[in-house]
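Topology and contacts: notes
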Amino acid sequence: MATDQHIIVSSTNELKTALAAASGGETIVLKNGNYGTIQINDNYSSMITITAENPLQATLSGINFEGASNVTVNGLNVNSHVRALKGCSDLVYTDNNFKAGIYFRDADSITVDGNEIANSYNVLTLNDVTNFRITNNDMHHAESDMLRVTGTSKYGLIENNTLHDITATPPMHPDMMQFIGIKGVNPSDIVIRGNLLYDNENTGSVYGQGIFMSESYGPGYTNMLIEDNLIAIGSPNSIYINGGQSDVLIQNNTLIPWSNDGGAVIRLTDKNGYDNSGTTVRDNVVKLIMDETGSSAIDGNYVYGRGANLENLFSGDGNVWTDFLPPSGSPVGLSSGVGAFERLRELIQNDGGTSTPTPTPTDPPTGTPTTPEPADTLPGVSDTITISTVADVLEIAPDLIPDLEEGIMRFSFNANDVDGRQGLVSRDASGWGDHLNVYLQGDTLIARFQTTDGTEILLTRDGISAGTDYDIAVTTTGEKIQLSIDGTVVDGADLDWSWTGSAEYMQIGANGWASSSGGAGFVDVFSGQISDLSFGSLTPDVPDPQEPVVTLPLPGAEEALMIRTAADVVEIAPDDVPELDTGTLNFNFNAIDTSGRQGLISRDAYGFGNHVNVYLEGDTLIARFQTEDGQQVSLSYNGIAARTNYEVAVIATGDTVALSVDGQIVDDAAMNWSWSGSDEYMQIGANGWGSAPGSAGFVEVFAGEIDGILFSDVDLPAPVPTPDIDRNELPPATAVIDFASDADVIEVAPDGVPAYDAASLSFSFNAADADQLQGLVSNDAKYSGHHLNIYLQNGNLNVRFQTPEGREVVMTLPGINAGQTYDVEVTTDGTEVALIVDGAAVQDAQLAWSWADTDQYLQIGANGWASSDGAPGYDNVFTGRISGFTFEEIAVPSAASAAAPTVIAGPMVDDETEATNTDDASGDASSFAEIMAQWFDFLRGFDAQSSSRIAETDAVASTEDDQGVIVTAEMIESVLEAHIDTSDAFIF
């Protein structure tokens, strides 16, 4: 019968007696001391626990399990071997220090969590283990493999572990994670997620490979997921797949090379008859992808190439997780959709977002929250606060803060630096509650929400720069929360959250999360300026609208109004509004943000009447018309972007109402409506629908600029003619083409695409949706080839070049917004490719690429990468507008400006083609070493005698070139195989 008995032991004999007497449910507590080796062969009816009274102060020499089940080992030091064999099940190892590794064979339902495991040949071995969880462990100093998974092992999770510091010596072939088939069976159904793998360059004399899957049998590897891992190792086999035949997915991993530029490679090998046709590689950040079979699906990766400026991509060399954080302006930021952004966000949250944080303030040094005298009022919207010390922080008492069920908090800031943690605006305290904290963690802006029931959500945006102005809006609707920067929503979530009822102080320029609930106090003082703090309601029909601050005549067409608060709203009496039966109201606007509802121009009131209201609902422009008999029509236009000028015309012809944006009719409807006969006030910069009929008053103040207000009797504008489009030819530059379906796509045969050696491809686009995968311009097909693809995905504009030799260059511009027009130019001059957007250079790269070498169809408004080589076909149809398409020849660089590299006669081995042997190698290691030594001696001798550089390339130079031949991986392989007895001895 199971018990809940606690048994305290203090000697080896007492421990053995307690184990012999246990039946299930016992907890055996070990006092400080040494207890020798324990052997357990029992199948307990329920879990027994062996734990230390004081963590890591009780020591075992070793642990042997054979056929045992239902045992937890917790908080112990174990100096020697730990083995579980012969059908063990339901074993749990937590928070131990295993000093000589762990070994499992023929086991089921295994949990290894939160342990330190080190100093062994193979640090953790899983041979034929099912249903296992390996999580949150620190594994280091392996002589061979850090984690080895073999045979029938399946249904596993390997998550959030740190594996580091291989200490192997030749001829060992170490791996951070090694997956191999044994006796005809392969590991399967395993998730490898969120792990940090780094190999210190200064430890050991052999570099470790990364996640290594090879030596499979039969159907190959199936159902293997490798995602969100952070990898910094020197091996070209950073992620290595041989036999990925079914549902092997490698996605959202971030790889950093060593200081010598070695490693950071995903390698899909051609070996043992497997073609990796079931492998997908997508959305990774990686130096190179070596696709040796051409059968895998590869898409959306950020490939930064050899010799990249890593300081623009990462914060360090990869020895700690914070090194993988993208710096300000990085193209692989946490909102780019590539790399291990989800894992990095999770680590940021765990590092700085605990429910009861205890940050150490810089001033004062005592560590207690600073509690200055609270301010007696909120700062005004026009106030700018400069903050550098605790004396500058404003702390506002709870009763002075607006009590909003739904609303928007807006403010602007400019940081002197983006180092460490700095509070911006905080209404927080220790523990749980209706808390909000907006702060910087390095260059990441975070808005943290908490509730009284223990829910916590972080909204984030990376890439904040020092010395830059940012306009922030934090929106709460009662059901959703949003974070906006410079008018663009950058993150959001579902959460029932409200300002109502909070008892916490508000801090401006610091974090209040270390204060006691209801008390003053703060830490993490900001350095910089905070300004324009304001609160606004989202409630649409407020029964008691604000009285107008000012009543003025209608502004002139040249007058610009900057509106941020109720004091800026212009309210015009009915007699001063023009009386037109038919006509047009013209105005321009530029919104600071597109959060919530904001009135632009309104002539409205409670109930029905001869009303019109033009307003923003998020990023949608709406013109709502009402009549006295209860009719209502709403015209709309989606995709309004912040900080963008829009020209608006609201038109009434007597039987039709229409909405025009930037000279184009975007929506219309049949309606008998007139400007005349209305007795409502007109509001500019707010909504008047909360006022009583015939009275002043407004709600939902706009934030931005309105100008060019003009009434005229101009009727509907004539539509702009669009030239006829031949969907099989390149369109004229004057064509404006709307895309919504397959029928809209333009597809041009190869002979219709000019074969320019150097060219500029230009066009403008405006996407209805910037998040979905959509092709803009494509000259692409399956597999490697002379390809170009320009496409949208996850808010990024991507330009991907490929060559027949397997080289891939991807240039990316993040932050693409729906409804905004972008001017794109892609140039190729035979030696360099470049991306230019809105006249600004985004990225360029050295690449030998020319339109004269392509034989693919060209698609406008779709992706051609799924088509067969040289054949038509496309998918991922664009939704939006493309215009101004031009394709022009440009000058080719002179030969003098692009001299060819000197090539040597003899072997060349780079970090992507080094030969590495497997664990089971039986070849002559000394012969291998001698061969490689000869090759490297040759290279060293060349370097000592010549100033010529060794050309780095993936292609073989012509043997007719009197400068010699570059030797590739295939040639090295052939030479080595001639000196090794077994073809399985080495992997290349």
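Here the structure is a predicted model, which is why all the values come from computation and not from measurement.

Right, let's talk about the overall build of the chain for a bit. Across its full length, the chain carries four helices and 72 strands. Restricting to contacts in the chain with at least 6 residues of sequence separation, those with at least 24 account for 59%.

What follows deals with empty space enclosed by the protein. Counting across every chain of the model gives seven cavities of 30 Å³ or more. Its boundaries defined by the atoms lining it, the largest cavity holds a volume of some 60 Å³. Lining the largest cavity are 14 residues, and of these Thr254, Phe324, Val332, Val338 and Leu344 lie nearest its centre. For the lining of the largest cavity, a count of residues per class yields 11 nonpolar, three polar and no charged. Lining the second largest cavity are Asp283, Gly300, Ser336, Gly337, Val338, Gln793, Asn794, Asn796 and Asn798. Tallied by class, residues from the lining of the second largest cavity come to one nonpolar, seven polar and one charged.

We now examine the pattern of salt bridges. If you walk through the whole model with that rule in mind, you get 20 salt bridges. Here Asp428 makes a salt bridge to Arg448, at a shortest N to O gap of 2.7 Å. Note that Asp428 is positioned in the loop between strand S38 (421-427) and strand S39 (435-441) and Arg448 in strand S40 (residues 444-450), a separation of 20 residues in sequence. Neither Asp428 nor Arg448 differs from the other in exposure class; each is buried. Across the pair Asp604 and Arg624 runs a salt bridge, and its minimum N-O distance is 2.8 Å. With Asp604 in the loop between strand S50 (597-603) and strand S51 (611-617) and Arg624 in strand S52 (residues 620-626), this pair connects stretches of sequence that are 20 residues apart.

Before going further, it helps to examine the environment of Gln598. Within the secondary structure, Gln598 sits in strand S50. Put simply, Gln598 and Gly685 are 87 residues apart on the chain and 7.8 Å apart in space, counted from C-alpha to C-alpha. Each residue touching Gln598, except ones within four places of it in the same chain, is listed here: Arg410, Asp593, Tyr615, Leu616, Asn687, Glu700, Val701, Phe702 and Ala703.

Let us look at the sheet that holds strand S54 (residues 646-652). Taken together, the six strands give an open sheet; going across it, the order is S47-S58-S49-S54-S55-S56, and neighbouring strands pair in antiparallel fashion. Strand pairing shows two members of the sheet lacking a second neighbour, strand S47 (561-563) and strand S56 (664-670), which therefore form its edges. Direction aside, the axes of adjacent strands within the sheet are offset by 20° on average. Where S47 and strand S58 (residues 704-712) come together, three bridges link them in antiparallel fashion. Residue Met562 lies in a different strand from S58, and its bridge partner there is Glu705.

Moving on, we get to the side chain of Gln626. Note that Gln626 resides in strand S52. Among the residues examined, Gln626 registers a relative accessible area of 4% and is labelled buried. A distance of 2.7 Å separates the side chain of Gln626 from the side chain of Gln632, its partner in a polar contact. Every residue in contact with Gln626, bar those within four places of it in the chain, is listed here: Asp604, Gly607, Phe608, Gly609, Asn610, His611, Gln631, Gln632, Met671 and Trp673.

Here the focus is the packing of aromatic side chains. As enumerated under the stated definition, the model contains 23 aromatic pairs in all. Arranged with centres 5.5 Å apart and planes meeting at 25°, the rings of Tyr93 and Phe104 form a pair that is stacked. On the criterion of sequence distance, the pair formed by Tyr93 in strand S11 (residues 88-94) and Phe104 in strand S13 (residues 102-113) is long-range, its members being 11 residues apart. Of the two residues examined, Tyr93 and Phe104, each falls in the buried class. A ring pair is formed by Tyr207 and Trp258, whose centres lie 6.3 Å apart and whose planes are at 75°; its orientation type is edge-to-face.

Mean pLDDT for the chain: 80, with 82% of residues reaching 70 or above. The secondary-structure element of the chain with the lowest mean pLDDT is strand S72 (residues 986-987), recorded at 30, while strand S8 (residues 69-74) shows the highest, at 96. Considering only residues more than four positions removed or in separate chains, one finds that residues 352-373, a stretch of pLDDT under 50, has 49 contacts. Low pLDDT, under 50, characterises residues 539-553; the stretch is placed with 40 contacts to residues that sit more than four places away or in other chains.

With that settled, the discussion passes to the side chain of His435. Mapping His435 onto the fold places it in strand S39. At a separation of 2.8 Å, a polar atom in the side chain of His435 contacts the side chain of Asp428. Contacts of His435, omitting those with residues within four sequence positions, involve Arg427, Asp428, Ala429, Ser430, Arg448, Phe449, Gln450, Trp497 and Glu504.

Here we take up the environment of Ser46. Structurally, the position occupied by Ser46 is in strand S5 (residues 43-52). Along the primary structure Ser46 and Ser23 are separated by 23 residues, whereas in three dimensions their C-alpha atoms are 7.7 Å apart.

Where strands meet in a sheet, backbone hydrogen bonds hold them as pairs that are either parallel or antiparallel. Reading across from one edge, S36-S45-S38-S39-S40-S41 is the order of the six strands in this open sheet, with antiparallel pairing throughout. Two strands close off the open sheet at either side, each with one partner strand: strand S36 (394-396) and strand S41 (456-461). Averaged over all pairs of adjacent strands, the angle between strand axes in this sheet comes to 25°, irrespective of strand direction. The pairing of S38 with S39 spans six bridges and is classified as antiparallel. The residue of S39 that forms the bridge with Ser426 is Asn437.

This part covers the nonpolar core. Leu30, Phe65, Tyr93, Phe104, Ile158 and Phe179 are the most contacted members of the largest nonpolar core, which has 104 residues in total. Among residues more than four places away in sequence, those in contact with Ile158 are Phe132, Ile134, Leu147, Val149, Met177, Phe179, Ile190, Val191, Ile192, Arg193 and Asn195. Listed in part, the 43 residues of the second largest apolar core include Phe589, Ile640, Trp673 and Ala686.

This part covers the pairing of S50. Taking burial as the measure, the seven residues of S50 include seven buried ones, the bulk of the element. Where S50 meets strand S57 (residues 682-684), two bridges bridge the pair, whose relative direction is antiparallel. Paired with Ile601 across the two strands is Ile684, which belongs to S57.

Unusually for a residue other than glycine, Lys86 sits at a positive phi of about 60°. By the element assignment, Lys86 lies in the loop between strand S10 (82-85) and S11. One non-glycine residue with positive phi stands out, namely Asn136, at about 60°. Tracing the sequence through the fold places Asn136 in the loop between strand S15 (124-135) and strand S16 (138-142).

Moving on: a negative patch on the surface. On the surface, a cluster of negative charge is made up of Asp575, Asp576, Glu579 and Asp581. Position of Asp581 relative to the elements: it lies in the loop between strand S48 (570-572) and strand S49 (583-591).

All right, on to helix H1 (residues 12-21) then. Where H1 is concerned, the buried positions are Leu15, Ala18 and Leu19. Each buried residue of H1 sits inside an arc of 100° when the element is viewed along its axis, so together they form one side. Those residues of H1 that are exposed and aimed more than 90 degrees away from the buried face are Asn13, Thr17, Ala20 and Ala21. Looking at the buried positions of H1, the neighbouring elements they touch are strand S1 (6-9), strand S2 (27-30), strand S4 (37-40), S5 and strand S6 (58-60).

For the rest of this paragraph, the subject is the pairing of S38. Taken across its seven residues, S38 has six buried, putting it largely inside the fold. Note: S38 against strand S45 (residues 506-508), two bridges, orientation antiparallel. Bridging from a neighbouring strand, Ser426 pairs with Gln507 of S45.

A separate point is the environment of Gly609. Within the secondary structure, Gly609 is located in the loop between S50 and S51. Each C-alpha atom of the pair Gly609 and Gly630 lies 7.6 Å from the other, and the pair is 21 residues apart in sequence. Residues contacting Gly609, with those up to four places away along its chain left out, are Gln626, Thr627 and Glu628.

Rules and cut-offs
- Counting restarts for each chain: residues are numbered from 1 in the order of the written sequence.
- Under the rules for a predicted model, residues below a pLDDT of 70 receive no local features and side-chain atom pairs below 80 are neither given nor counted, while totals for whole chains, interfaces and linings still include all residues.
- With hydrogens and water stripped out, all remaining heavy atoms of the structure feed into the side-chain values.
- To qualify as a helix, a DSSP run of H or I must reach at least 4 residues; to qualify as a strand, a run of E must reach at least 2; elements of each kind are numbered from the N terminus.
- In what follows, residue pairs with any heavy atoms lying within 4.5 Å of each other are defined as contacts.
- Any residue with an atom within 4 Å of a point lines the site, the site being either a cavity, points on a 1 Å grid over the protein atoms alone where a 1.4 Å probe fits but cannot get out, or a pocket, an open set with protein on both sides within 12 Å along at least 5 of 7 lines.
- Grid points are joined across faces, edges and corners, and a volume is the space filled by probe spheres set on the points.
- Residues are grouped as follows: Ala, Val, Leu, Ile, Met, Phe, Trp, Tyr, Cys and Pro are nonpolar; Asp, Glu, Lys and Arg are charged; every other residue, Gly included, is polar.
- By definition here, a salt bridge exists when the distance from a side-chain nitrogen of Lys or Arg to a carboxyl oxygen of Asp or Glu is within 4 Å.
- Whether a residue is buried, partly exposed or exposed follows from its accessible area with a 1.4 Å probe, protein chains only, as a fraction of its type maximum: under 20%, in between, or over 50%, in that order.
- By definition, two strands form a pair when at least two bridges between them are found by DSSP.
- For helices, the fitted line uses only the C-alpha atoms of the stretch in contact; every axis is such a line through C-alpha atoms, and the angle between N-to-C directions lies from 0 to 180 degrees.
- We define a polar contact as two N or O atoms separated by no more than 3.5 Å, with the added condition that, inside protein, one atom must be a possible hydrogen donor and the other a possible acceptor, whereas residues neighbouring each other in sequence contribute only through side-chain atom pairs.
- Ring pairs are drawn from Phe, Tyr and Trp, using the six-membered ring of Trp, whenever the two centres fall within 6.5 Å, and their geometry is named by plane angle: stacked under 30 degrees, edge-to-face over 60, tilted for the rest.
- Per-residue confidence from the predictor is reported as pLDDT, a score between 0 and 100.
- Buried Ala, Val, Leu, Ile, Met, Phe, Trp, Tyr and Cys residues that are joined via side-chain atoms within 4.5 Å together make up what is termed a nonpolar core.
- Think of a patch as exposed residues, more than 30% relative accessible area, with no salt bridge, where like charges cluster within 9 Å and nonpolar side chains (Val, Leu, Ile, Met, Phe, Trp, Tyr) cluster within 5 Å.
- Accessible surface is estimated by sampling points in the Shrake-Rupley manner with a 1.4 Å probe; for residues, cover comes only from the protein chains shown.
- Neither His nor the chain termini are counted; the positive set is Lys and Arg, and the negative set is Asp and Glu.
- Where a charge lies is defined by one atom per residue type, namely NZ (Lys), CZ (Arg), CG (Asp) and CD (Glu).
- Within this analysis, the arc is defined by the directions that extend from the helix axis to the C-beta atoms.

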